[in-house]
Amino acid sequence: MMSKDSSPKSDYKVDLQYIADLCSGLTTIPSDPEEICEGLYLSCAQFLNIDIFLAGRYSQKRFSSLLWICEGQKQPPFETVFPAGCYSFLDRLLETRVPQLFDSTKDDRLPEKLQNAVPADRELYGIVFPLFNGDRLWGTVAVFSFSRPATWEPIISIFSLLTTSASGQLAGAFSLQENQTLAFDKQIKRTLVQILTSNSPMTDRLCWALDFTAEMLPSMELCLHQVQDQQTSPLAATPGFTNSTGLDTYNPELAHLTAAVRKIKVHPASGDPIQQLCIPISSAGGLTGILEIRQPSPTGIKKGEKALLTELAGLFSFPLYESSLQTRTEKQEWTTTVLSEVAKNAARPGETADALHAVLQLLILLAGVDWAALYIIDNSGMAVPGPVAGLEKQIRTIYEESSWKLDVSDLSDTVDSGRIFLFHLPPGLTPIFNTRRTYAIAFREDETPLGILLIPAVENLMERSALFEGIGHQIQLRLSNARLIEKTASQREMERELLLARKIQESFLPDQTPSVAGWDISCSWQAARQVGGDFYDFLQPPNIERNANSFDFIIADVSGKGVPAALYMALSRTLLRYVAATYSDPGIILTRVNRFLIANTNVDHFISMFYGCWDLEQNILHYANAGHNPPILASPSGQCKILDHHEMVLGIEESIIYTSHSIQIPPGYLLMAYTDGITEAEASPGTFYGINRLQQVCKTMNQCTSSDIIQKIRSDVDEFSNGHLSDDRTLIVLHRLVNENAAVKPN
């Protein structure tokens, strides 16, 4: 909207003596900044209708009002911070060092408080005068009107004289105030140091120091809190101080306090607003205390008082550190004595249950609780009742039958082993302990739960958490040792059983190879574990269909390793011998064995098998292959042939029919049968020994004895795999000699 011109109250051709008298009057006002600003306002109002008057101090983008009058009404003081990078009328004053005109139609960079005081439909015009102390801008005086004056020049001249006179008086008043404040602060600090370093008891010194501070800063209530081991407790307070903020219990936010003062608003029972300051006190690199100050007055704690209180709080750092050391030393001495006695009981010889029962009895005496119960976690995850102390006899009988299934949600991953935490009992345990919640310490060895200790959730128990966690450590050591002893005994028993199983499995293997004129036969069997799934056999079963001058040989590999594979191997060998006593055709034998395995087992194992029947009169090998590695037939000249006819492994498909094949083995030829532990031996992940390497050995050693060939292959595979035996390895070498009448001793 358009504004009308504002006329001055009188002709600007005033008597210079009158202006000089006004300036002189400003210099006689007592040294109170607010009164000086009021005198300046009244003097300026002689020459202009002032709608808004604002005088204030300025430092580092922060503006604090000294006197703010809006349309004749005095307003509450305020502070504001101009954001970094914001160009305001203060920046123009610093650059030009001369008064600046303000026009709201062109410039809106005023403090937010002042902007909010101007109605949205009104325009504002004014002048901002700088107050300098040398080169430093320390304040401003601004006069504003809702009407634009006809001219600003005479007003600027007159107001410049008035503000210059007031500026000197204000500078003197602030200097006097600062000197008085410094002297006052110095006296408070000197007296506090004398109180805090006296020879009186620590509690008395702290109380006297707080009382003296409250006398120097009236209407303030103070409380000194000590922070130790993540616990906060009040040490001393001024009379009438009532705790309503919860600082007597540990607050995780306190760990993040810095040297800055934290301010919050609280509303106690009276309903009056109170300003609260929590000042952290640090020493020896950590948070040792908190000085809490409350100011119930409407104006709250002033800026200067905040700075002084922050300095005074620092004076409490040494006595707090001294108190902390004394308390910690006494606590450590007592804790060491207690834990030493607990350790003696936990480590005493004899039954683990008796030792832990003695530890629990000590625990309830130290904690002042009614009972303590230890549940042992077995391999199935059941929490089984263990040693207990403090329960009545009739309740203890119920406790001994109170096993419960441990749920992983009961012991969260956030709960460290050996740390005390709040635990919600399973419903079935509530009648025993007459509570729904307890404190607990969980014990783990790596990721395996060992047990859980339960104690009542009594008040202030967490203050001694370090002690109980030390006791828990002794319990965990005894549980771990007991578990280790049990595990060691179990392993020894298992080793004895596996050794016996290996001897039984070795008894299934032939004592020696067949003694056949014109044939050199050798075998080798290595289990990756103490028992394995590979086996071989030689048979000369009585059968009317079979040529009397013949023998059978078998090599097989059960899927998997260890005891399950060994048991499946024993069953397969038994069925094989039973069927071979009735049938002579290798294909029929494998077909019948396959059906017996499927009909009589319900496991996920299967077996690969090569069955060969050598007819010595016809010089023909009849064979069938159920998914086994194909044997290698090598000629004297080093040519190798793979007998690659095969069908599916045994134990998978009941309807499969296995087919027999025949081949002649002339004099000088060599037949090698093997399991996949030979060809799949690894030098590195994905690098296998392979059938090609095996053929090369057959080519180069065709003229050697069968035992030499086997020894060479075993050495070559061991060297290739760096001696690592990851799977069972079995070899059979049948070498038909050129001299068919030569007799070779059985191997």
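Structure first, text after, so check above.
Please read all numbers here as calculations on a predicted model, not as lab measurements.

Definitions and cut-offs
Residues numbered from 1 in each chain as written. Predicted model: local features only at pLDDT ≥ 70, side-chain atom pairs only at ≥ 80, totals over all residues. Heavy atoms only, no water. Helix = DSSP H or I, 4+ residues; strand = E, 2+ residues; numbered from the N terminus. Contact = heavy atoms within 4.5 Å. Core = buried A, V, L, I, M, F, W, Y, C linked by side-chain atoms within 4.5 Å. Buried < 20%, exposed > 50% of the residue type's maximum accessible area, 1.4 Å probe, protein only. Phe/Tyr/Trp six-rings, centres within 6.5 Å; stacked < 30°, edge-to-face > 60°. Pairing = 2+ DSSP bridges. Axes fitted to C-alpha atoms, helices over the stretch in contact; angles between N-to-C directions. Patch = residues over 30% accessible without salt bridge, like charges linked within 9 Å, V, L, I, M, F, W, Y side chains within 5 Å. Areas by Shrake-Rupley, 256 points an atom, 1.4 Å probe, with all protein chains shown as cover. Salt bridge = Lys/Arg side-chain N within 4 Å of Asp/Glu carboxyl O. Expected span 1.5 Å × (residues − 1).

## Let's talk about the environment of Ala389
For Ala389, the location among the structural elements is in strand β16 (residues 382-389). Residues Ala389 and Ile364 lie 25 residues apart in sequence; the distance between their C-alpha atoms is 7.7 Å. Setting aside its immediate chain neighbours within four residues, Ala389 contacts Leu360, Gln361, Ile364, Asp370, Trp371 and Ala372.

## Focus on the nonpolar core
Ranked by internal contacts, the top residues of the largest apolar core, which has 48 residues, are Phe551, Phe553, Ile607, Met609 and Leu650. Broken down by element, this core gets its largest block of residues, 7 residues, from helix α13 (residues 562-580). When near neighbours in sequence (up to four residues on either side) are disregarded, Leu650 contacts Leu590, Val593, Asn594, Leu597, Phe606, Ile607, Met609, Ala626 and Tyr658.

## Description of the packing of aromatic side chains
Taken as a whole, this structure holds 15 aromatic pairs when the rule is applied. Here Phe610 and Tyr623 contribute two aromatic rings whose centre-to-centre distance is 5.4 Å and whose plane-to-plane angle is 25°, an arrangement assigned as stacked. You can see Phe610 sitting in strand β24 (residues 607-615) and its partner Tyr623 sitting in strand β25 (residues 620-626), a full 13 residues away along the chain. Joined through ring pairs, the aromatic side chains of Trp371, Tyr375, Tyr399, Trp404, Phe421, Phe423 and Phe433 make up one cluster.

## A word on the sheet that holds strand β32 (residues 729-736)
To summarise the sheet geometry, strands pair through backbone hydrogen bonds and adopt either a parallel or an antiparallel arrangement. Pairing is antiparallel in the open sheet, where 5 strands are placed in the order β21-β32-β29-β26-β27. Since the sheet does not close on itself, it has two edges, and those belong to β21 (519-526) and β27 (640-642), each with one partner. Across the sheet, the mean angle separating the axes of adjacent strands is 15° when strand polarity is ignored. Across 3 bridges, the pairing between strand β26 (residues 632-634) and β27 is antiparallel. The partner of Ile632 across the bridge, within β27, is Ile642.

## Regarding the pairing of strand β19 (residues 437-445)
Buried residues dominate β19, accounting for 7 of its 9 residues. Pairing of strand β18 (residues 420-424) with β19, which is carried by 5 bridges, proceeds in the antiparallel orientation. Looking across to β19, one finds that Leu422 is bridged to Tyr439. Of the pairings in the sheet, the one linking β19 to strand β20 (residues 448-456) comprises 8 bridges and is antiparallel in character. For Ala440, the partnering residue across the bridge sits in β20 and is Leu454. The hairpin turn running from β19 into β20, its antiparallel successor, is 2 residues long, and Asp446 in that turn takes a positive phi close to 60°.

## Some words on a nonpolar patch on the surface
Taken together, the side chains of Phe606, Met648 and Ile652 present a nonpolar region at the surface, about 260 Å² in accessible area. By secondary structure assignment, the location of Ile652 is in the loop between β27 and β28 (661-664). Accessibility expressed as a relative area gives 47% for Ile652, which makes it partly exposed.

## Considerations on the pattern of salt bridges
For the coordinates displayed, the defined rule picks out 6 salt bridges. Among the salt bridges present, the one from Asp537 reaches Arg573, with a minimum N-O distance of 3.9 Å. Here Arg573 lies in helix α13 and Asp537 lies in strand β22 (residues 534-539), a separation of 36 residues in the sequence. Using a relative accessible area of 15% as the deciding quantity, one classes Arg573 as buried. Where salt bridges share partners, they join Glu34, Glu38 and Lys74 into one cluster.

## Some details on helix α9 (residues 352-367)
Between its terminal C-alpha atoms α9 stretches 22 Å, which fits the 22 Å expected from 16 residues at 1.5 Å a residue. Of the residues making up α9, those classed as buried are Ala355, Leu356, Ala358, Val359, Leu360, Leu363, Ile364 and Ala367. Just past α9, the residue Gly368 takes up positive phi, approximately 70°.

## Some thoughts on the environment of Ile19
With respect to the secondary-structure elements, Ile19 resides in helix α1 (residues 16-26). Judged by relative accessible area, which is 6%, Ile19 ranks as buried. Residues Ile19 and Phe159, 140 residues apart in the sequence, show an inter-C-alpha distance of 9.7 Å.

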